[in-house]
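Examining the three-dimensional arrangement
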Amino acid sequence: MSYPAENGGPGAERSLGQLVASATAEMSALVHDEIALAKAELRQDVKRGVMGGAAISVAGVFALFSLPVLSFAAAYGIHNLGLGLAWSFLIVGGAYLLLAGLLAVVAVSKFKKVKPPERSIASAKQTAAVLGNAKPHPREASVAGSSRPVRPALQGKDEAGVVARSSA
């Protein structure tokens, strides 16, 4: 089961550096393969999403174009029941206005149920409170004879009064 060391098989004695380099190379290859797989899966999902979006868009256009035809059919259908043509179109138009009003009421009730992101606001306030209580480390002013000069704004001030600024 073990191979002689001179053949370079799995049983060959390798140094720790060679083992680490081999493991690093294999991990790198594994990560690259995983990224390539994720990209391929995302491409397929995006392609499916685009096709689904296009299909729903075309369906919406067809539904929009069918609305006037169905409206005329409903008006003429009511007219065939014995009402005048003007009254038939008025009934269909009123039905559309009634439907629009009902949808507006539903929309307003849904908008009233929308609440601010309370957990996010609480978390942001908590973070702000923690950061507000944090005391920064004062910058050290260089003393006479040091290679770094003291900034003119800091001369004459004690170190406790200096506020540190970070670049982050």
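Quick summary incoming for the structure in this document. Computed from a predicted model, the values in this text were never measured in an experiment. (Residues numbered from 1 in each chain as written. Predicted model: local features only at pLDDT ≥ 70, side-chain atom pairs only at ≥ 80, totals over all residues. Heavy atoms only, no water.)

On the surface, Val-58, Val-61, Phe-62, Leu-64, Phe-65, Leu-67, Tyr-96, Leu-99 and Leu-103 cluster together into a nonpolar patch covering about 900 Å² of accessible area. Residue assignment for the nonpolar patch shows that the elements contributing at least two residues are helix H1 (16-80) and helix H2 (85-112). In terms of residues, the nonpolar patch owes the most to one element, H1, which gives six residues. Relative to the elements of secondary structure, Leu-64 occurs in helix H1. Looking at Leu-64, the relative accessible area reads 57%, which means it is exposed. (Patch = residues over 30% accessible without salt bridge, like charges linked within 9 Å, V, L, I, M, F, W, Y side chains within 5 Å. Areas by Shrake-Rupley, 256 points an atom, 1.4 Å probe, with all protein chains shown as cover. Salt bridge = Lys/Arg side-chain N within 4 Å of Asp/Glu carboxyl O. Helix = DSSP H or I, 4+ residues; strand = E, 2+ residues; numbered from the N terminus. Buried < 20%, exposed > 50% of the residue type's maximum accessible area, 1.4 Å probe, protein only.)

As a further point, take the side chain of Ser-88. Here Ser-88 lies in helix H2. Here the side chain of Ser-88 touches Ala-75 through a polar contact of 3.4 Å, landing on its backbone oxygen. The contact partners of Ser-88, leaving out residues within four places of it in the chain, are Ala-75, Ile-78, His-79 and Leu-83. (Polar contact = N/O pair within 3.5 Å; in protein donor to acceptor, adjacent residues only side chain to side chain. Contact = heavy atoms within 4.5 Å.)

Evaluation of the coordinates by the stated rule reveals two aromatic pairs. Seen in terms of ring centroids, Phe-72 and Phe-89 are 5.3 Å apart; in terms of plane orientation they differ by 75 degrees. Their pairing is edge-to-face. Residue Phe-72 is found in helix H1, and its partner Phe-89 is found in helix H2; the two are separated by 17 residues along the sequence. Residue class for Phe-89 comes out partly exposed when judged on its relative accessible area of 32%. An aromatic cluster is present here, built from Phe-72, Tyr-76 and Phe-89 joined pairwise through their rings. (Phe/Tyr/Trp six-rings, centres within 6.5 Å; stacked < 30°, edge-to-face > 60°.)

Below, the discussion takes up the packing of H1 against H2. Where H1 contacts H2, the axes come no closer than 8 Å and their chain directions differ by 130 degrees. Put simply, H1 runs oblique to H2. The two elements H1 and H2 cross, and the hand of that crossing is right-handed. From H1, Leu-67, Ser-71, Phe-72, Ala-74, Ala-75, Tyr-76, Ile-78 and His-79 reach across to H2, where they touch Leu-85, Ser-88, Phe-89, Ile-91, Val-92 and Tyr-96. When grouped by side-chain class, the residues that make up the contact of H1 with H2 number 11 nonpolar, three polar and no charged. (Axes fitted to C-alpha atoms, helices over the stretch in contact; angles between N-to-C directions. Parallel < 35°, antiparallel > 145°, perpendicular 65-115°, else oblique. Left-handed = near helix turned anticlockwise from the far one by under 90°. Nonpolar A, V, L, I, M, F, W, Y, C, P; charged D, E, K, R; others polar.)

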